[in-house]
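Fold and contact review
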Amino acid sequence: MDILKVTVQIIYILICIVLTVIVLKQEGKSEGLSGALTGVSDSYWSKNKGRSKEGLLDNTTKILGVLFIVLSVVLNLF
């Protein structure tokens, strides 16, 4: 059981490091609230953002965030 706990802790630490690096690599949302208030229309770039590098970083952040929460709960049960 100790080997399993150490393995999960190592995976947890790796996920924390990778998640931090990925979040720091993402660009800031420059339009923010002003873009929502002025009603800026969707461009070709914003519609196809999921296929770009930024979209990949966004999806990876979501997946690693879920893994982070799940492993936090699992480590708390140990």
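The structure under discussion appears in the preceding block.
Here we summarise the structure given alongside this text. (Residues numbered from 1 in each chain as written. Predicted model: local features only at pLDDT ≥ 70, side-chain atom pairs only at ≥ 80, totals over all residues. Heavy atoms only, no water.)

Focus on the packing of aromatic side chains
- With the rule as written, the count across this model stands at one aromatic pair.
- Judged by centre distance (5.3 Å) and plane angle (15 degrees), the rings of Tyr12 and Phe68 are stacked. Taken together, the positions of Tyr12 in helix H1 (residues 2-25) and Phe68 in helix H4 (residues 53-77) put the pair 56 residues apart, joining distant regions of the chain. (Phe/Tyr/Trp six-rings, centres within 6.5 Å; stacked < 30°, edge-to-face > 60°. Helix = DSSP H or I, 4+ residues; strand = E, 2+ residues; numbered from the N terminus.)

Some remarks on the side chain of Thr61
- With respect to the element layout, Thr61 can be found in helix H4.
- For Thr61, a relative accessible area of 18% corresponds to the buried category.
- Polar contacts involving the side chain of Thr61 include one to the side chain of Gln26, which spans 2.6 Å.
- If sequence neighbours within four positions are ignored, Thr61 has contacts with Leu19, Ile22, Val23 and Gln26. (Buried < 20%, exposed > 50% of the residue type's maximum accessible area, 1.4 Å probe, protein only. Polar contact = N/O pair within 3.5 Å; in protein donor to acceptor, adjacent residues only side chain to side chain. Contact = heavy atoms within 4.5 Å.)

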